[in-house]
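# Analysis of the macromolecular model
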Amino acid sequence: MKTIEVDGIKVRIQIWDTAGQERYQTITKQYYRRAQGIFLVYDISSERSYQHIVKWASDVDEYAPDGVQKILIGNKADEEHKRQVPKEHGLQLAREYGMDFYETSACSNLNIKESFTRLTELVLQAHRKELEELRGPPRAPTLTRLEEEEQQPLQGEDTPKTCWC
Ligand SMILES: Nc1nc2c(ncn2[C@@H]2O[C@H](COP(=O)(O)OP(=O)(O)OP(=O)(O)O)[C@@H](O)[C@H]2O)c(=O)[nH]1
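The structure reproduced in this document is the subject of the present report.

Quick notes on the rules
- Residues numbered from 1 in each chain as written.
- Predicted model: local features only at pLDDT ≥ 70, side-chain atom pairs only at ≥ 80, totals over all residues.
- Core = buried A, V, L, I, M, F, W, Y, C linked by C-beta atoms within 7 Å.
- Buried ≥ 20, exposed ≤ 12 C-beta atoms within 10 Å, placed from the backbone.
- Helix = DSSP H or I, 4+ residues; strand = E, 2+ residues; numbered from the N terminus.
- Contact = placed C-beta atoms within 7 Å.
- Arc of directions from axis to C-beta.
- Pairing = 2+ DSSP bridges.
- Axes fitted to C-alpha atoms, helices over the stretch in contact; angles between N-to-C directions.

### Some points on the nonpolar core
- Core analysis: the largest hydrophobic core is formed by 19 residues, its most contacted members being L40, Y42, I53, I71, L72 and I73.
- At 4 residues, the largest contribution of residues to this core is made by strand β3 (residues 37-43).
- If sequence neighbours within four positions are ignored, I73 has contacts with F39, L40, V41, Y102, T104 and S115.

Written as structure tokens, this is what we have:
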């Protein structure tokens, strides 16, 4: 669980790290069903992990709800000396899928906050209607309401007070 602030709203996010190994795939797919945002992560020092993204993306298409938000991540960006996947390839794949793309490093803390904030923003935007309801109606009273209030007789000391707060 993590609380982050996006556009002045505190959002509590629940993060699940699914197992990448083949033998856990049956369980992993069950987690997709209630996901609102998904990071598809490969390792920039492993061409194989990059090739695997196609399979992950098709699983997400099959099992995740419609409208789930997705971001492509190339992790281990601190391991430049071991790089097998050029940044351009990540960008290109993300473009094909219509996703945002970040290179991150869990070790040097590169783009971790940025990518989580972005995915949360995308999820919030996708649920804009519910978000507006959460924010509530505008606070300023309308002119009509003010006029109506002015016509109300003032409450005397002897009349029971309702809450004025
Ligand atoms: N250099 C570097 N190593 C990392 C980074 N992120 C993770 N690692 C290392 O990579 C290894 C695998 O990390 P995990 O978090 O277990 O990767 P995973 O994809 O969740 O693995 P599965 O649970 O098998 O799916 C560990 O040794 C981590 O310390 C990173 O940004 N940079």
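### A few points about helix α3 (residues 87-97)
- Listed in full, the buried residues belonging to α3 are G90, L93 and A94. Looking straight down α3, one finds that the buried residues subtend no more than 100 degrees of arc, so they occupy a single side. Relative to its buried face, α3 has exposed residues pointing more than 90 degrees away, namely E88, Q92, R95 and E96.
- Contact partners of the buried residues in α3: α2 (47-63), β4 (69-75) and β5 (100-103).
- In the segment just after α3, G98 is the residue with positive phi, at about 70 degrees.

### Things to note about the sheet that holds β4
- With parallel pairing, 3 strands are arranged side by side in an open sheet as β3-β4-β5. Among the strands making up the open sheet, the edge pair consists of β3 and β5. Taking each pair of neighbouring strands and ignoring which way they run, the sheet shows an average axis angle of 25 degrees.
- Examined bridge by bridge, β4 and β5 share 4 bridges and lie parallel to one another. Note that in β5 the partner of I73 across the bridge is Y102.
- On top of the sheet, α2 reaches β3 and β4; it is set at about 160 degrees to β3, its chief contact.

### Thoughts on the environment of L122
- Locating L122 in the fold gives a position in helix α4 (residues 112-126).
- A tally of 19 C-beta atoms within 10 Å means that L122 is categorised as partly exposed.
- L122 has contacts with G37 and Q69, leaving out every residue within four places of it along the chain.

### Remarks on the pairing of strand β1 (residues 2-6)
- Counting buried residues along β1, only 0 of its 5 residues qualify, which leaves the element largely exposed.
- Bridge analysis of β1 against strand β2 (residues 9-13) gives 5 bridges, and the strand direction is antiparallel. Its bridge partner lying in β2, T3 is registered against R12.
- Taken together, β1 and the strand that follows it, β2, pair antiparallel across an intervening segment of 2 residues, in which D7 is found at a positive phi of about 50 degrees.

### Notes on unusual backbone geometry
- We note that D7 has phi near 50 degrees; this positive angle belongs to a residue other than glycine.
- Tracing the backbone shows D7 in the loop between β1 and β2.
- In this structure D7 comes out as exposed when scored by C-beta crowding, with 12 C-beta atoms within 10 Å.
- Even without a glycine there, the phi angle at N111 is positive, about 60 degrees.
- On the secondary structure map, N111 appears in the loop between β5 and α4.

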